Amino acid sequence: MSVKHPVVAITGSSGAGTTSVTRTFQEIFRREGINAVVVEGDSFHRYDRNEMKLAMAEAEQHRNLTFSHFGEEANLLAELETLFREYGETGVGSVRRYLHDEFEAKPYGQPAGTFTPWEDLAPGSDLLFYEGLHGAAVTDSVNVARYADLLVGVVPIVNLEWIQKVIRDKTERGYSSEAVIDTILRRMPDYVKYICPQFSHTYVNFQRVPTVDTSNPFIARSIPTADESFVVIRFADPKVIDFPYLLSMLHDSFMSRPNCIVVPGGKMELAMQLIFTPLILRLMDKRPKRSR
């Protein structure tokens, strides 16, 4: 079946490192001359910053202590499913932006922590690229995953994920250790219900595993570096992957299972370039040729 307008989705939880993966994809798009529409998962949250605070306070009043950005109630999953489906069929769809800080908000004349108005994508883009929490979400009412042509999971082991979140939230957002831990605990039920199952729907997962002690992530003073890590790369369909080529190109890599290759952490970006460039070009080649 031909791919009319490809949809590529990177999914992972807060603190997983999806942003660095996005940069690698953007480099592929730039090098190959691909006009990609980039959609951030935050733009499909149901509530802006102030509304989320109110919604959380109301949830706590009703003794719901697990309400979080990870769950279905706090997100517009039906609208995300519609975007993936409509873009795949027509190359357009409705999007908006979440303005994280004053720098992003200033051009729009809006406060930080708010959404821009919904607007239609301009026609003529080559593919849609999504990065966020729910690119492979499947619930009783929606199935976002079925409308993506390439699904990628970014899944550091959980202690590393927590270290990244704790240090980021404390240094960049000024949160206390207690506040970050409270957030992690509140999100845990939704993490198990909505985030983890997505990684069974992805085509490929990247899981960074540190080779240093992360047994107590809440007292870590630094994030383990790439050189202090390995990356486990799992493929849903290993038959189409040229593992001998990857092993020859990625020094010190090895196979741990028939569908898994393990690479040094410093080779993660190169591995993504080698794996995803042909996959992206294959998606582009499957599109119907445009009439001139």
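Before reading on, note that the structure itself is shown above.
Residues numbered from 1 in each chain as written. Predicted model: local features only at pLDDT ≥ 70, side-chain atom pairs only at ≥ 80, totals over all residues. Heavy atoms only, no water.

Participant: Report on the packing of helix H5 (residues 158–172) against helix H6 (residues 177–195), specifying residues and quantitative values.
Facilitator: It is the contact of H5 with H6, at a shortest axis distance of 10 Å, that shows an interaxial angle of 135°. Considering the angle they form, H5 stands oblique to H6. You can see that H5 and H6 cross each other, and the crossing is right-handed. Contact with H5, carried on its side by Glu-161, Trp-162, Lys-165, Val-166, Asp-169 and Lys-170, involves Ser-177, Val-180, Thr-183, Ile-184, Arg-187, Met-188 and Tyr-191 of H6 and no other residues of that element. Split by residue class, the contact of H5 with H6 holds six nonpolar, two polar and five charged. (Axes fitted to C-alpha atoms, helices over the stretch in contact; angles between N-to-C directions. Helix = DSSP H or I, 4+ residues; strand = E, 2+ residues; numbered from the N terminus. Parallel < 35°, antiparallel > 145°, perpendicular 65-115°, else oblique. Left-handed = near helix turned anticlockwise from the far one by under 90°. Contact = heavy atoms within 4.5 Å. Nonpolar A, V, L, I, M, F, W, Y, C, P; charged D, E, K, R; others polar.)

Participant: Describe the nonpolar core, naming the residues involved and giving the relevant values.
Facilitator: With 34 residues, the main nonpolar core has Phe-25, Phe-206, Ile-233, Phe-235 and Phe-276 as its most contacted residues. At ten residues, the largest contribution of residues to this core is made by helix H8 (residues 268–286). Aside from chain neighbours lying at most four places away, what touches Phe-276 is Phe-25, Ile-28, Leu-150, Val-152, Val-204 and Phe-206. Residues Tyr-130, Ala-137, Ala-148 and Leu-151 belong to the second largest nonpolar core, which totals 22 residues. (Core = buried A, V, L, I, M, F, W, Y, C linked by side-chain atoms within 4.5 Å. Buried < 20%, exposed > 50% of the residue type's maximum accessible area, 1.4 Å probe, protein only.)

Participant: Quick rundown of the environment of Met-255? Include the residues and the values.
Facilitator: Position of Met-255 relative to the elements: it lies in strand E11 (residues 254–257). Separated by 25 residues in the primary sequence, Met-255 and Phe-230 place their C-alpha atoms 12 Å from one another. In this structure, Met-255 is in contact with Phe-243, Leu-247, Cys-260 and Ile-261, ignoring residues within four places of it in sequence.

Participant: A description of H5 should follow, citing residues and the corresponding values.
Facilitator: Compared with the 21 Å implied by 1.5 Å per residue over 15 residues, the 21 Å span of H5 between its first and last C-alpha is a close match. Within H5, burial applies to Asn-159, Leu-160, Glu-161, Trp-162, Ile-163, Gln-164, Lys-165, Val-166, Ile-167 and Asp-169. The secondary structure elements touched by the buried residues of H5 are H6 and strand E9 (204–210). Directly after H5, the chain includes Gly-174, whose backbone phi takes a positive value near 75°. (Expected span 1.5 Å × (residues − 1).)

Participant: Summarise H6; cite the residues concerned and give the values.
Facilitator: With 19 residues, H6 extends only 23 Å from end C-alpha to end C-alpha; this falls clearly short of the ideal 27 Å at 1.5 Å per step. Residue Arg-187 marks the point of greatest curvature in H6, where the axis turns by about 45°; the proline Pro-189 follows within four residues. On the buried face of H6, the contacting elements are helix H2 (49–61) and H5. (Bend = angle between axes of the 7 residues up to and from the residue.)

Participant: I'd love a proper account of the pattern of salt bridges, names of residues and values included.
Facilitator: Applying the stated criterion across every chain yields a total of nine salt bridges. Between Lys-165 and Asp-169 there is a salt bridge, with the nearest N and O atoms lying 2.7 Å from each other. Here Asp-169 and Lys-165 lie together in helix H5, a separation of four residues that amounts to about one turn. On the basis of relative accessibility, which here comes to 1%, the residue Asp-169 falls in the buried class. The structure contains a network of salt bridges with shared partners spanning Lys-165, Arg-168 and Asp-169. (Salt bridge = Lys/Arg side-chain N within 4 Å of Asp/Glu carboxyl O.)

Participant: Summarise the sheet that holds strand E12 (residues 260–264); cite the residues concerned and give the values.
Facilitator: Sheet architecture is open: eight strands sit in the order E2-E7-E1-E8-E9-E10-E12-E11, paired in mixed fashion. The open sheet has two edge strands with one neighbour each: strand E2 (36–40) and E11. The average angle at which neighbouring strand axes cross in this sheet is 20°, direction not considered. Relative to strand E10 (residues 229–235), E9 is paired through seven bridges, and the arrangement is antiparallel. Its bridge partner lying in E10, Phe-206 is registered against Ile-233. Most of the contacts of helix H1 (residues 18–32) go to strand E7 (residues 127–132), to which it runs at about 165°, and overall it touches strand E1 (7–11), E2, E7 and strand E8 (150–154). (Pairing = 2+ DSSP bridges.)

Participant: Lay out the state of the cysteines in plain terms, naming residues and giving numbers.
Facilitator: For the coordinates displayed, the defined rule picks out zero disulfides. The closest cysteine sulfur to the non-disulfide-bonded Cys-196 is located on Cys-260, 17 Å from its own sulfur. (Disulfide = S-S within 2.5 Å.)

Participant: Tell me what's going on with empty space enclosed by the protein, and back it up with residues and numbers.
Facilitator: Tallied over the entire structure, the rule returns two cavities of 30 Å³ or more. Within this model, the largest cavity holds a volume of roughly 90 Å³. Where the lining of the largest cavity is concerned, the elements lending two or more residues are H5 and H6. Broken down by element, the residue count for the lining of the largest cavity peaks at four residues, all from H6. Taken as a whole, the second largest cavity holds about 30 Å³ of empty space. Among the residues forming the lining of the second largest cavity, the class breakdown is five nonpolar, four polar and no charged. (1 Å grid on protein atoms, 1.4 Å probe; cavity = no way out; pocket = protein on both sides within 12 Å on 5 of 7 lines; lining within 4 Å. Points joined across faces, edges and corners; volume = space filled by probe spheres on them.)

Participant: Explain the pairing of E2 to me, using residue names and the numbers behind them.
Facilitator: What you see with E2 is a clean split: Val-37 and Val-39 sit on the buried side and Ala-36, Val-38 and Glu-40 on the side with no burial. By the bridge criterion, five bridges tie E2 to E7 in an arrangement that is parallel. When the bridges of E7 are listed, Val-37 appears paired with Leu-128.

Honestly, it's all geometry; don't read function into it.
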